[in-house]
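# Inside the fold
What follows is each chain in one-letter form.
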Amino acid sequence: MAFDALAVKALVRELQILTGARIEKVHQPERDEIILHIRSRSDTHKLVISASAAHPRVHFTGETKKNPMTAPMFCMLLRKHIQSGKITGISQEGFERIIYIDVESRDDMGEPARKRLIAEIMGRHSNIILVNDENRVIDSIKHIDMTVSSVRQIMPGFTYTLPPAQNKTVPSDPGLLDIDLSENIPSGTRADKAVLDKIGGISPLTAREIVYSALGTTAKCIGELNEGEKAQILIYTKKICAEPDFSPCMITDAASGKIIDFSSVDIKQYGGGAKITRPQSMNSLLCEFYSSRDCADRMKQKSADLVKLLTNNTERIRKKLALYQNTLKNSESKEENRIKGDLITANIYKIKQGDKEVIVQNYYTGGEMPITLSPELSPSQNAQKYYKLYNKAKNAEKEMTPLISAAEADIEYLESTLSAVMNAESEDDINDIRAELAEQGYIRKQAASKKQKSKPKPLHFRSSDGFDIYTGKNNTQNDYLTLKFANTSDIWFHTKNIHGSHTIIKLGTDKDVPKSTITEAARIAAYYSKARNSSRVPVDYTVIKNVKKPSGAKPGMVIYDKYNTVYVTPENPQSSFVGDDVTTGAAKSGKDQNPRV
């Protein structure tokens, strides 16, 4: 994790502007996260403090999260003890990932009282703890008792103690330059791993940067280094960590554009393999880095049951479909059974009970045909046996065909819904999908709400040419967008043979749509599809009048014809465009009927 003690040091330096400010509100939007609304003389800030196991952090945020109807107990306790309190100091514990926020407030008797809010940023051991002026724990967002840890307990009434110290040297230690990097370290260990084992409070990224700065490479092992090179590594450790020149930067893969990591100091180890961007501050860097990652993780947690439900149902229906298809395949021999019945009947005078086989002239083909007989049956019973097999196969074929079609439609629907779940960007999106699945009978319906059902609200963007573009976030919104909201002349988009959202361009009075707007709408359709992380995604588009919904089709399922296809690379409109009416940045023709999947 790049949020090491060095990043905390840079952050705490920026948070000093909160000294003297007052805590106006306290919210707890997540089980392991609080947000402090802070007002100073000149500005207001929202400080998020998260003890998430995946993304623990502290930074300013501009994000607005939905708060629970009833505030959690820890939130109520913080409101009692620190709301309206004045922040008297913000500091870091040594070279640790621990931030102290000292608050002066008043107790129940109106007397001045000092409290300390402690943010421990330590991966799955992260916590948010409130202690009094005697260093006793008032409460914490996570209770740690003997069943969780026998070394250190965090419970109300306990004296607060620091996490157990690691047997490592911190960069501020006067003896830093005298340590032996290779002591008790196997010679085949990479140099940056050795630095990580010996120096406390730094991340793997920082350790690699130290080695790169000292040696010009990160590939050397500790056993390959001479004493001068080891000394150089320690000198750069002190320079980068103990005497840092903070330069917050975001590291993005140059080829894929995917965010790799972040750092509080300049990073040079990737060379041309990464793009380095430098936000204005450590706070803005952390906000940008964690907002997308934390949202994705939260959505993954909230939608885990839906993913499991959809996956299990899809697998179950696939097994049924395989049985139906196998039954249908076996029915292909039905005509042969009918012919055998006819031939036994025509040659019944040649057959005696007890015969195991008869060879007869096949008057359908002109050749001879051997027919297996059941010796315990009479000739007429043998003929009836083959007629029964024929009728059974005929009925199976008649029954299996609609069952196969229904199973295929169910699979298409479940996979398209799973795609919508994976692309969900908010809890409301997940709740809309839950409601849709309840309507379809896949999950139990919630108790009827007195609130009137609101209209679906598809995403709305504005192209660089000024055209309105809308895209659905689930199957219900897709149906509303295509079948009710759009006019017959509007342009409709969907990824070709790939599960995704319906996207339309509203034409209004201007019917002349530029090629740039077509491309932008196609990129949006590709982004809100299963092919989000692909390139050269085929997107079909046609006018709405060519899009039809078959009778009885599942939500979101349509067929269309007279379409064109454009190949685009998906682009996130939320990051490329601004606001609600955001601004977006050679076609193949065809005629076919393609189901929406």
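Every chain begins its residue count from 1, and numbering advances along the sequence as written. Under the rules for a predicted model, residues below a pLDDT of 70 receive no local features and side-chain atom pairs below 80 are neither given nor counted, while totals for whole chains, interfaces and linings still include all residues. Side-chain figures throughout are based on the complete set of non-hydrogen atoms in the structure, without hydrogens or water.

### Here's the deal with empty space enclosed by the protein
The pocket and cavity definitions rest on a 1 Å grid over protein atoms only: a 1.4 Å probe that fits but cannot leave marks a cavity, an open set with protein on both sides within 12 Å along at least five of seven lines marks a pocket, and residues lining either have an atom within 4 Å of a point. Grid points are joined across faces, edges and corners, and a volume is the space filled by probe spheres set on the points. Taken as a whole, the largest cavity spans an internal volume of roughly 140 Å³. Lining the largest cavity are 19 residues, with Ala 420, Asn 423, Gly 472, Lys 473 and Ser 501 sitting closest to its centre. Secondary structure follows DSSP: runs of H or I at least 4 residues long count as helices, runs of E at least 2 residues long count as strands, and numbering of each begins at the N terminus. Going through the elements one at a time, helix H9 (379–422) and helix H11 (475–485) are the ones with two or more residues in the lining of the largest cavity. Ranked by residue count, the leading element in the lining of the largest cavity is H9, at three residues. Of the residues assigned to the lining of the largest cavity, the class counts are four nonpolar, eleven polar and four charged. As a volume, the second largest cavity reaches approximately 70 Å³. Every residue along the wall of the second largest cavity is listed here: Glu 33, Ile 35, Val 48, Arg 57, His 59, Thr 61, Glu 63, Lys 65, Cys 287, Tyr 290 and Ser 291. Every element with two or more residues in the lining of the second largest cavity is listed here: strand S2 (33–39), strand S4 (57–60) and helix H6 (282–302). When residues in the lining of the second largest cavity are grouped by element, the largest group, three residues, is from H6. As a working rule, the residues Ala, Val, Leu, Ile, Met, Phe, Trp, Tyr, Cys and Pro are called nonpolar, Asp, Glu, Lys and Arg charged, and the rest polar, with Gly in that last group. Partitioned by chemical class, the residues of the lining of the second largest cavity number four nonpolar, three polar and four charged.

### Here's the deal with the pairing of S2
Type-normalised accessible area, obtained with a 1.4 Å probe on protein chains alone, sets the label of each residue: buried when under 20%, exposed when over 50%, and partly exposed for intermediate values. Counting buried positions along S2 gives five out of seven residues, so the element sits mostly inside the fold. We treat two strands as partners when DSSP finds at least two bridges between them. Where strand S1 (residues 22–30) meets S2, six bridges bridge the pair, whose relative direction is antiparallel. Across the sheet, residue Arg 22 finds its bridge partner in S2, namely Arg 39. Connecting S1 to the antiparallel partner S2 that follows it, the hairpin turn spans two residues. Bridging between S2 and strand S3 (residues 44–50) involves seven bridges; their strand directions are antiparallel. From the neighbouring strand, Glu 33 faces S3, where its bridge partner is Ser 50. In sequence, S2 turns back onto S3 through a hairpin of four residues.

### Looking at the packing of aromatic side chains
Any two rings among Phe, Tyr and Trp, with Trp reduced to its six-membered ring, count as a pair given centres within 6.5 Å; such a pair is stacked if its planes are under 30 degrees apart, edge-to-face if over 60, and tilted if neither. According to the stated counting rule, one finds 14 aromatic pairs in the structure shown. Arranged with centres 4.7 Å apart and planes meeting at 65°, the rings of Phe 262 and Phe 289 form a pair that is edge-to-face. Separated by 27 residues along the polypeptide, Phe 262 in strand S11 (residues 259–263) and Phe 289 in helix H6 bring together distant segments of the chain. Of the two residues, Phe 262 and Phe 289, both sit in the buried class. Arranged with centres 4.9 Å apart and planes meeting at 35°, the rings of Tyr 363 and Tyr 364 form a pair that is tilted. Here the aromatic residues Phe 3, Phe 262, Phe 289 and Tyr 290 are joined through ring pairs into a cluster of three or more. Lying across the ring of Tyr 100, Arg 116 places its NZ or CZ 4.1 Å from the centre. Across the ring face of Tyr 413, the terminal group of Lys 554 is positioned such that the distance to the ring centre comes to 5.6 Å. Two thresholds decide whether a charge sits over a ring: the Lys NZ or Arg CZ must be within 6 Å of the ring centre and within 35 degrees of the ring normal.

### Considering H9
Spanning 44 residues, H9 covers 63 Å between terminal C-alpha atoms, matching the ideal 64 Å at 1.5 Å per step. The bend at a residue is defined as the angle formed between two axes, one fitted to the seven residues ending at that residue and one fitted to the seven starting there. Along H9, the sharpest change in direction is near 25° and occurs at Met 400; proline Pro 402 comes one to four residues later. An expected span of 1.5 Å times one less than the residue number is assigned to each helix.

### Comments concerning the side chain of Lys 506
Within the fold, Lys 506 resides in strand S18 (residues 503–506). We classify Lys 506 as buried; its relative accessible area is 18%. Within the structure, the side chain of Lys 506 is placed 3.3 Å from the backbone oxygen of Phe 485, a separation counted as a polar contact. Any two residues having at least one pair of non-hydrogen atoms within 4.5 Å are treated as being in contact. Ignoring any residue separated from it by four or fewer positions in sequence, one finds Lys 506 in contact with Phe 467, Asp 468, Tyr 470, Phe 485, Ala 486, Asn 487 and Asp 490. Counted as a polar contact is a pair of N or O atoms within 3.5 Å, where, for protein atoms, one must be capable of donating a hydrogen and the other of accepting one, and residues adjacent in sequence contribute only when both atoms are in side chains.

### Focus: the environment of Thr 311
Inspection of the secondary structure puts Thr 311 in helix H7 (residues 304–330). Relative accessible area serves as the criterion here: at 32%, Thr 311 is assigned to the partly exposed category. When the C-alpha atoms of Thr 311 and Glu 335 are compared, they prove to be 39 Å apart, with 24 residues separating the residues in sequence.

### Comments concerning the confidence of the model for the chain
Per-residue confidence for the chain gives a mean pLDDT of 88, with 93% of residues at or over 70. Strand S23 (residues 582–583) is the least confidently modelled element of the chain, averaging 39 in pLDDT, while strand S8 (residues 127–131) averages 97, the highest of any element. As a per-residue measure, pLDDT reflects the predictor's confidence and takes values from 0 up to 100. In the model, residues 577–597 has pLDDT below 50 throughout and makes 75 contacts with residues more than four positions away in sequence or in other chains.

### A word on H7
At 3.6 residues per turn, the α-helix brings residues three or four places apart onto the same side. Helix length check: H7 (27 residues) gives 39 Å between terminal C-alpha atoms against 39 Å at 1.5 Å per residue, within 8%. Residues of H7 that are buried: Leu 306, Leu 310, Asn 313, Thr 314, Ile 317, Leu 321 and Tyr 324. On its buried side, H7 packs onto H9 and helix H10 (427–439).

### Things to note about the sheet that holds strand S12 (residues 274–277)
The antiparallel open sheet is built from three strands, whose spatial order is S11-S10-S12. In the strand order of this sheet, the two ends are held by S11 and S12, each with one partner. Neighbour to neighbour, the strand axes of the sheet diverge by 20° on average, direction disregarded. Relative to S12, strand S10 (residues 249–253) runs antiparallel, the two being bridged by four bridges. For Met 250, the partnering residue across the bridge sits in S12 and is Thr 277. Lines fitted to the C-alpha atoms define the axes, with helices restricted to the stretch that makes contact. Angles between their N-to-C directions range from 0 to 180 degrees.

### Some points on a positive patch on the surface
Residues forming no salt bridge and having over 30% relative accessible area are the ones grouped into patches, like charges within 9 Å of each other and nonpolar side chains (Val, Leu, Ile, Met, Phe, Trp, Tyr) within 5 Å. Surface accessibility follows the Shrake-Rupley procedure with a 1.4 Å probe radius. Residue values consider only the protein chains on display as shielding. What counts as a salt bridge is simple: a side-chain nitrogen of Lys or Arg found within 4 Å of a carboxyl oxygen of Asp or Glu. When charges are counted, neither His nor the chain ends are considered; positive counts come from Lys and Arg and negative counts from Asp and Glu. The atoms used to mark charge sites are NZ of Lys, CZ of Arg, CG of Asp and CD of Glu. A cluster of basic residues, Arg 22, Arg 41, Lys 86 and Arg 106, forms a positive patch at the surface. As for its position among the elements, Lys 86 is in strand S5 (residues 86–92).

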